[in-house]
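Chain residues, written in single-letter form:
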Amino acid sequence: MIGAIRKPLAVASLYAHRLMRRVHPAKLIFAGYAFYMALGCALLCLPFSQSVPVHLLDNLFTAVSAVSTTGLVTVDPGTSYTFMGELVILLLIQAGGIGYMTVSSFVMMATVQHLSPLRERLARAAFILPEDVSIGIFIRTVVIYTFSVEIMGAILLFIQFSASGVDNAIWNAIFHSVSAFCTAGFSLNPNSLEDFRGDVGVNATISALSILGAMGFLIAWDVWRSLTRRSFVLSFTSKVILKLTGAFLLAGTAIFFVADPGISALPSGERLMASFFQTMTATTTVGFNTHPISALTPAVIVLLFFLMAIGASPSGTGGGLKTTTFAAMIGLVRSTVRRRPEITFFNRVIAPARLQLAMASSAYFVMLMTPAVFVLCLTEPGKEFQMLLFEAISAIGTVGLSMGITGSLSDIGKLTIILLMFAGRVGILTFGIALASKDEETEVRRQEDLLV
């Protein structure tokens, strides 16, 4: 009897595996994240997850926001969900932050010592890896690096939260550490981290976690390879990420420091921390805030538009167009103005394939944003255009900052933001490929010097 059942199951499994091998990796990534979001929504709808009744659409919004590591919420997670609900959210954040297939692939390698060709193909497409990178070793590095950083962050936050008298400091420390490293921006506090605006320890810990997550696993991989080879050598992509991230943080902090009257009125030390934190939270797309976003002036809101749109770096936990895409566009502009035949950045030639991906991502960003903002303007007539645009950019960049209108959006408005968050997490260009590509187009493009 058992043999009669086992054979059809084996045949069905083999057929399913062959079918999946024919499907474009972008579609499998698309389907994988959609499954996690649907599963998360179902779990949040269960009675043991809710402290108060939460509408189905709000549960879906929360699940999509968690898996996409955005942090926008229509209900307060700290009061709307029980410990089990918060745990579900945390697990969704973790799965979304390091990639839904990463942990399962790590477990598989621990048992069978290798990945299937399908999983290798998916991992290479999801992380945008160069050909010379070993998928197995890279995934091990990602998992070890992630949990090491999150555990250290949780320990530091526990010490600081305990000293500040935070209730249930252990759980708060774990939740905020994972949320920060995965650049999710989910907080158990109704006002995010505004109560800690002057706390140097909390600001420094959250910032370090967010930057380490947002700069990407490629840098961790470069450092690991350098340690094992006894020669510290960073790849071109890592150098671009470090230089641009540093430049954005320095320039943004300076502009915030002098341009916003509300921040300028703070004591000097607190003023500097608030300026840096608001810049950091947009650049890394983490979405925490220590100063009310709705109180910022239009000038610095425009700065946030730019930082949120560019976002973090490839193969990391953050969203946005990515710093490498920005680098490719800058290289294109400079070479065009100077009438040079080759596109260069930092004296390195950017391959045409990389430039094509960068420009396609930018174009698709605009193509998604334009109808989304149009719909929001139709369905949210009482809200200012600036607020709606901010909400849309925050969603597609998986940032999570808001000017305070998320909870009051209409059902259509919430669905629009859900679509943008989903597109942002899957990857703006991957999202388009998944919708438009044919299944037989399974070739993974060879990565060049600058990974976009």
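Above this text is the structure in question.
Rules of the game
- Residue numbering note: each chain is counted from 1, following its sequence as written.
- The predicted origin of the model limits local features to residues at a pLDDT of at least 70 and limits the giving and counting of side-chain atom pairs to 80 or more, whereas totals for whole chains, interfaces and linings rest on all residues.
- The side-chain quantities take in all heavy atoms of the structure and omit both hydrogens and water.
- As used in this record, nonpolar core signifies buried Ala, Val, Leu, Ile, Met, Phe, Trp, Tyr and Cys residues forming a set joined through side-chain atoms within 4.5 Å.
- In this scheme, a residue with accessible area under 20% of its type's maximum is buried, one over 50% is exposed, and one in between is partly exposed, where area comes from a 1.4 Å probe on protein chains only.
- In this analysis, two residues are considered to be in contact whenever any of their non-hydrogen atoms come within 4.5 Å of each other.
- Between Lys or Arg on one side and Asp or Glu on the other, a salt bridge is scored when a side-chain nitrogen of the former is within 4 Å of a carboxyl oxygen of the latter.
- Runs of H or I in DSSP of at least four residues are treated as helices and runs of E of at least two as strands, each being numbered from the N terminus.
- Two N or O atoms count as a polar contact when they lie within 3.5 Å, although within protein this holds only if one can serve as hydrogen donor and the other as acceptor, and sequence-adjacent residues are included solely when both atoms are side-chain atoms.
- By definition, no residue in a patch forms a salt bridge, and every one has over 30% relative accessible area; like charges are joined within 9 Å, nonpolar side chains (Val, Leu, Ile, Met, Phe, Trp, Tyr) within 5 Å.
- Accessible surface is estimated by sampling points in the Shrake-Rupley manner with a 1.4 Å probe; for residues, cover comes only from the protein chains shown.

**Q** An account of the nonpolar core is requested, with residue identities and associated values reported.
**A** Ile93, Phe390 and Ile417 are the most contacted members of the largest nonpolar core, which totals 110 residues. Excluding residues within four positions of it along the chain, Ile417 makes contact with Phe61, Leu72, Leu376, Glu391, Ala392, Ala395 and Leu409.

**Q** Please give an account of the pattern of salt bridges that cites residues and values.
**A** Considering all chains together, one arrives at 3 salt bridges under this definition. With a closest N to O distance of 2.8 Å, Arg197 and Glu270 form a salt bridge. Here Arg197 is found in the loop between helix H9 (169-181) and helix H10 (200-214), whereas its partner Glu270 is found in helix H14 (residues 268-283), with 73 residues between them in sequence. Assessed through its relative accessible area of 22%, Glu270 is described here as partly exposed. Residue Lys383 pairs with Glu380 through a salt bridge whose shortest N-O separation is 3.4 Å. Under the relative-accessibility criterion, Glu380 is labelled buried at 3%.

**Q** Just give me the short version of the side chain of Asn289, but keep the residues and values in it.
**A** Tracing the backbone shows Asn289 in the loop between H14 and helix H15 (298-310). Polar side-chain contacts of Asn289 include one of 3.1 Å to the side chain of Glu194.

**Q** Just give me the short version of unusual backbone geometry, but keep the residues and values in it.
**A** In the Ramachandran plot, Thr183 falls in the positive-phi region, its phi being about 50° despite a non-glycine side chain. As for its placement among the helices and strands, Thr183 is situated in the loop between H9 and H10. Of note in this structure, Lys322 is not a glycine but carries a positive phi near 95°. Judged by relative accessible area, which is 16%, Lys322 ranks as buried.

**Q** Explain a nonpolar patch on the surface residue by residue, including any values.
**A** On the surface, Phe147, Ile151, Met152, Ile155, Leu156, Phe158, Ile159, Ile170 and Ile174 cluster together to form a nonpolar patch covering roughly 810 Å² of accessible area. When residues of the nonpolar patch are traced back to their parent elements, those giving at least two are helix H8 (135-163) and H9. In terms of residue count, the dominant contributor to the nonpolar patch is H8 (7 residues). Structurally, Ile155 can be placed in helix H8.

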